[in-house]
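One letter stands for each residue in the lines below.
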Amino acid sequence: MSKIIVTAVGVSGSGKSNAYGAIMELLKVRRRDSYYLTACGATPEERIRNSGIINRYADINQGFVSTGTMITTEFPFAFGGHFRPDVPTYPLLDMPLIDYPGGVLKTMLGEGSEESSRLLHRIMDTDVLLLFADANILSEEGGVEPARQKIALEINTIFEILSTERDTAFVSKPRTVLLLLTKCDSGLIPQELKDNHFHGLVNRALQVFDPTVRFCINQPGWKIAVVPTSTCGDGNSNSWRDEGGIYHSEMTAPPQPYGFDLAILYG
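Now for a look at the structure at hand. Treat the numbers as computed from the prediction; the structure is a model and nothing was measured.

**Quick look at the nonpolar core**
Then step 1. The biggest cluster of nonpolar side chains holds 41 residues, and the ones touching the most others in it are I151, F159, L181 and F209.
Then step 2. Broken down by secondary-structure element, the contributors of at least two residues to this core are α3 (103–108), α4 (114–125), β7 (128–134), α5 (135–138), α6 (144–163), β8 (176–182), α8 (191–208) and α9 (210–217).
Then step 3. Examining the composition of this core, we find that 8 residues originate from one element, α6, more than from any other.
Then step 4. The next biggest cluster of nonpolar side chains, apart from the first, holds 28 residues, and it includes A22, F75, V128 and I264.

In structure tokens, the structure reads:
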């Protein structure tokens, strides 16, 4: 295996762009007996150039949290690890991650576009699919259905359609699906949903994404996991909701992200 295809999907503002900064923060240190991420490339020049690309877009140490991306961005990662003194430590395989604008999902279920077509084909080819869900929206008092309409409608629909296609290429390929609950550090989330390792929040996510979850569970060779995550870390951000119902967040201390490294390793 020389490459693992990883695709991130989520509505606009769900935390995809910031996730890559958190992933780098958690997996950039090359410690003994540990895994790490670095820039991929066939030559030193290409790896240096790709490192610059990653650093420009995946920086969570700027004192703010991005509200989303408007362009498709590729993060040219490679995955490596230190195991034993006699095992090489160069990258084991390429693992590029692509950040798609959240609006592409709505376009896919509407008039369609060249970009939404590329995303659909990438979903069908992917080995690891990262589904992003804003924990703030999952925890709203309205319950399951309003949250489903806001963050899961397009994803559930895509899975329902692909699962009924006569072409079995999508369902026959073993895949790993990770439902990443972002912004779990938010002070707006009720404590009862955070208790016991976010047990209540995880259950809420399983209900909101129920069609997708059930589909993944029933496919031989498929695996699905739910992972609470945070770019900032508990106590390191201030979150609020404006009059239009849009959530905002700003860092108040150096970031201490969690969860994203577990997602990558599991994938």
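There is more to say, and it comes next.
**Quick look at the sheet that holds strand β2 (residues 35–39)**
Then step 1. If you trace the 3 strands from one edge of the open sheet to the other, you get β2-β4-β5, paired in antiparallel fashion. The sheet is open, and its two edges are formed by β2 and β5 (93–94), each paired on a single side.
Then step 2. Pairing analysis gives 2 bridges linking strand β4 (residues 77–81) to β5, with the strands arranged antiparallel. By the bridge assignment, A78 is partnered in β5 with D94.
Then step 3. Helix α1 (residues 16–27) rests against β2 and β4 of the sheet, and its axis sits at about 125° to β2.

Definitions and cut-offs
Residues numbered from 1 in each chain as written. Predicted model: local features only at pLDDT ≥ 70, side-chain atom pairs only at ≥ 80, totals over all residues. Heavy atoms only, no water. Core = buried A, V, L, I, M, F, W, Y, C linked by side-chain atoms within 4.5 Å. Buried < 20%, exposed > 50% of the residue type's maximum accessible area, 1.4 Å probe, protein only. Helix = DSSP H or I, 4+ residues; strand = E, 2+ residues; numbered from the N terminus. Pairing = 2+ DSSP bridges. Contact = heavy atoms within 4.5 Å. Axes fitted to C-alpha atoms, helices over the stretch in contact; angles between N-to-C directions.

Take it as geometry only, folks, not as evidence of what the structure does.
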